[in-house]
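Each chain, letter by letter, is given below.
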Amino acid sequence: MGLLDVLRFGFVDVSGTAATVTFLLILLILLYWYSTSAFSKLQKVGICHPPPLPFIGNLLFFREGFWENHNKLINEYGPACGYYIGRRAFMVVSDPDMIKYILVEDFGNFTNRMVPAVTSKPLADSILILRDERWKEVRSLLTPAFSAAKMKEMTPLINQACDILLSHLKDCADSSASFDIQRNYASFTLDVVASVAYGIHVDSQKKSRENFVKNSRRFFELSLFKPLLILTIAFPFIMIPLIRIFPNKKQKEVNGFFISAIKNMIALRDQQDANERRRDFLQLMLDARHLANDISMEHFDTFSQGLEESKAAANKGLLKKQPRTLSDDEIAGQAFLFLIAGYETTNSTLSFATYLLATNPECQQKLLCEVDKFFAKHVSRHHA
Ligand code: HEM
């Protein structure tokens, strides 16, 4: 091999390595740029936040939970501050006046929740996900179901679940062994939702294999495998289409169960005589299908005062725009949302309240006196 050949060979070799190194360098620079490119949004509008890490933002700031770390954030960065989870910016507002502006006075500028990356039915039809006018319409159909009078109609159903809870708690007390009260509350909360939103009577503590209980537990167990979650946070543009393409079999089954449970119950209710039907959330939603024709959007959120008022409004010619009624899919969506929204929240509230009462006996005593006083007054009036 002549000198020229050696040089040519060497040159090709060197330039090949250089090209690879250059390519890798460009890739690294682009990756770094991508990993931090989303982190200027908050600063641009003058919102302070902890320094974000490439790809994951401030995810690690919350590794020990949200409550205390939100407080830490507010103390360090002020009453209106922010953070990034992955590439998504969040703003925290803790000033009561500002919250009032956002939720009441300027609400028109703050409608809609963030768009979730992946949603499927039944949740996709719930007011958690619905947007703009449709959210407003469905919300106005649901609001009356939460009025004091309607809640009172549901009290016997809630009391039934309370009785079951008390009988289980008595068993625990009689055994004198320590127990995890959060489990009892989890069953109680599930029993209430099953009863008032699905029309299903269950004692989930005893019959944990019943379909409703089994599927609810499966739903709350569903979580993304951790490394997959981090990848989704860091590379949403690749991971989200992939998650959409590859369906999650378990999730599909759970969703399918809740949709068919509600649809079967709707069919059953529609066959029943009006006075045979249970008075629960499900029935109120079903009634709203017919009521909707009588309700004015001008009376958004106030029509809980009843049909009479809306009829009066009709007489005054206020009924201009009529909301569409709830479809069966949307009823399934709201019932499912009640399960998600009411389960963990109520369970935690009851558990923490019990913990605080147990660790503050003087408050427990005060509460007991108030309950006794209430019963003495109301039960004696009832028997009079
Ligand atoms: C202590 C218990 C509860 C707490 C702390 C709580 C808290 C909240 C919060 C903070 C929101 C607003 C979420 C957001 O804007 O993204 C919300 C919305 C909601 N909650 Fe609750 N909740 C509780 C119990 C319940 C129960 C028992 C139900 C159902 C029966 C329920 C149904 C809903 C619904 C339907 C929404 C959405 C409202 C809308 O879009 O207009 N919640 N809840």
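Residues numbered from 1 in each chain as written. Predicted model: local features only at pLDDT ≥ 70, side-chain atom pairs only at ≥ 80, totals over all residues. Heavy atoms only, no water.

Q: When you look at the packing of helix α8 (residues 211-221) against helix α14 (residues 328-359) in this model, what are you seeing that I'm missing?
A: How two helices pack is summed up by the angle between their axes together with the distance between the axes. With their axes 12 Å apart at the nearest point, α8 and α14 run at an angle of 65° to one another. When the axes of α8 and α14 are compared, the crossing they make is right-handed. Contacts between α8 and α14 involve Ser 216, Phe 219 and Phe 220 from the former and Phe 336, Leu 339, Ile 340 and Tyr 343 from the latter. In the contact of α8 with α14, the residues fall into six nonpolar, one polar and no charged. (Axes fitted to C-alpha atoms, helices over the stretch in contact; angles between N-to-C directions. Helix = DSSP H or I, 4+ residues; strand = E, 2+ residues; numbered from the N terminus. Left-handed = near helix turned anticlockwise from the far one by under 90°. Contact = heavy atoms within 4.5 Å. Nonpolar A, V, L, I, M, F, W, Y, C, P; charged D, E, K, R; others polar.)

Q: What's the story with the site of the ligand in this structure? I'm lost.
A: Surrounding the ligand, one finds Arg 113, Ile 127, Trp 135, Arg 139, Phe 146, Leu 337, Phe 338, Ala 341, Gly 342, Thr 345, Thr 346 and Thr 349. Arg 113 is positioned such that a nitrogen or oxygen atom in its side chain is 2.7 Å from an oxygen atom of the ligand. At a separation of 3.0 Å, an oxygen atom of the ligand approaches a polar side-chain atom of Trp 135. Looking at the shell around the ligand, the elements that each hand over two or more residues are α5 (132-142) and α14. Looking at the shell around the ligand element by element, the count peaks at seven residues for α14. Taken together, the residues of the shell around the ligand break down into six nonpolar, four polar and two charged. (Near = heavy atom within 4 Å. Polar contact = N/O pair within 3.5 Å; in protein donor to acceptor, adjacent residues only side chain to side chain.)

Q: Could you clarify how one ought to interpret the packing of aromatic side chains in this entry?
A: Remark: the centre distance and the inter-plane angle together describe each pair of aromatic rings, the angle taken between the planes. One pass over the structure, following the stated rule, counts 22 aromatic pairs. Three or more aromatic residues joined by ring pairs make a cluster, and in this case those are Tyr 198, Phe 212, Phe 219, Phe 220, Phe 257, Phe 258, Phe 336 and Tyr 343. The ring of Tyr 34 has Arg 87 lying over it, and the distance from NZ or CZ to the ring centre is 4.1 Å. (Phe/Tyr/Trp six-rings, centres within 6.5 Å; stacked < 30°, edge-to-face > 60°. Lys NZ or Arg CZ within 6 Å of the ring centre and 35° of its normal.)

Q: Looking at this structure, I do not really get the pairing of strand β1 (residues 80-85). What am I missing?
A: Side-chain positions along a regular strand alternate between the two faces of the sheet. Within β1, five of the six residues are buried, leaving the element largely enclosed by the surrounding structure. Looking at chain direction, β1 and strand β2 (residues 88-93) are connected through six bridges and run antiparallel. Paired with Tyr 83 across the strands is Phe 90, a residue of β2. Hairpin geometry of β1 and β2 is characterised by an intervening segment of two residues between the two adjacent antiparallel strands and by a positive phi of about 60° at Gly 86. (Buried < 20%, exposed > 50% of the residue type's maximum accessible area, 1.4 Å probe, protein only. Pairing = 2+ DSSP bridges.)

Q: Sorry if this is basic, but what is going on with the pattern of salt bridges here?
A: Any two side chains of opposite charge can pair, on the condition that their charged atoms come close. Per the counting criterion, the structure on display carries 14 salt bridges. Across the salt bridge formed by Lys 121 and Asp 125, the nearest N and O atoms sit 2.8 Å from each other. For the salt bridge of Arg 134 with Glu 330, the shortest nitrogen-to-oxygen distance reads 2.7 Å. Of this pair, Arg 134 sits in helix α5 while Glu 330 is found in helix α14, placing the two residues 196 residues apart along the sequence. (Salt bridge = Lys/Arg side-chain N within 4 Å of Asp/Glu carboxyl O.)

Q: I'm lost on the layout of surface pockets in this one. Help?
A: Gaps left between atoms show up when a probe the size of a water molecule is rolled over them. The volume enclosed by the second largest pocket comes to roughly 1,300 Å³. If you go around the second largest pocket, you meet 44 residues; those closest to its centre are Phe 146, Met 151, Ile 158, Phe 281 and Thr 346. At nine residues, α14 tops the list of elements feeding residues into the lining of the second largest pocket. A per-class count over the lining of the second largest pocket returns 31 nonpolar, ten polar and three charged. Taken domain by domain, the makeup of the lining of the second largest pocket includes at least three residues from each of domain 1 (35-110) and domain 2 (136-356). (1 Å grid on protein atoms, 1.4 Å probe; cavity = no way out; pocket = protein on both sides within 12 Å on 5 of 7 lines; lining within 4 Å. Points joined across faces, edges and corners; volume = space filled by probe spheres on them. Domains from an automatic or database assignment.)

Q: So what exactly am I meant to see when it comes to the confidence of the model for the protein chain here?
A: The predicted structure's coordinates, where accompanied by low pLDDT, should not be read in detail. Across the protein chain, the average pLDDT comes to 84, with 85% of residues at or above 70. In this model residues 295-320 is a low-confidence stretch, pLDDT under 50, and it forms 39 contacts with partners more than four residues away in sequence or in other chains. (pLDDT = per-residue confidence, 0-100.)

Q: Just checking my understanding: could you explain the side chain of Asn 58 for this structure?
A: Within the secondary structure layout, Asn 58 lies in the loop between α2 (41-44) and α3 (67-77). Assessed through its relative accessible area of 3%, Asn 58 is described here as buried. There is a polar contact of 3.2 Å between the side chain of Asn 58 and the backbone oxygen of Pro 51. In contact with Asn 58, not counting residues within four places along its chain, are Pro 50, Pro 51, Pro 52, Tyr 83 and Tyr 84.

Q: Whenever I open this one, the nonpolar core confuses me. Can you help?
A: Here is a general trend for soluble globular proteins: nonpolar side chains tend to be buried in one another's company. Tyr 198, Phe 258, Ile 262 and Ile 331 are the most contacted members of the largest nonpolar core, which totals 50 residues. Elements with a contribution of two residues or more to this core: α5, α6 (148-175), α7 (181-198), α8, α11 (249-271), α12 (281-291) and α14. Element by element, the count of residues in this core is highest for α7, at ten residues. Setting aside chain neighbours within four positions, we find Phe 258 in contact with Tyr 198, Phe 212, Asn 215, Ser 216, Phe 336 and Leu 339. (Core = buried A, V, L, I, M, F, W, Y, C linked by side-chain atoms within 4.5 Å.)

Q: Mind showing me how you'd approach empty space enclosed by the protein here?
A: Considering all chains together, one arrives at two cavities of 30 Å³ or more under this definition. Taken as a whole, the largest cavity holds about 40 Å³ of empty space. Forming the walls of the largest cavity are Ala 161, Ile 164, Leu 165, His 168, Asn 184, Ser 187, Phe 188, Asp 191, Asp 203 and Gln 205. Every element with two or more residues in the lining of the largest cavity is listed here: α6 and α7. Class assignment for the residues of the lining of the largest cavity results in four nonpolar, four polar and two charged. A volume near 30 Å³ is recorded for the second largest cavity. Around the second largest cavity, the lining residues are Leu 157, Gln 160, Ala 161, Ile 164, Asp 191, Ser 195, His 201 and Val 202. Looking at the lining of the second largest cavity, the elements with two or more residues in it are α6 and α7. Here the residues of the lining of the second largest cavity are counted per class, giving four nonpolar, three polar and one charged.

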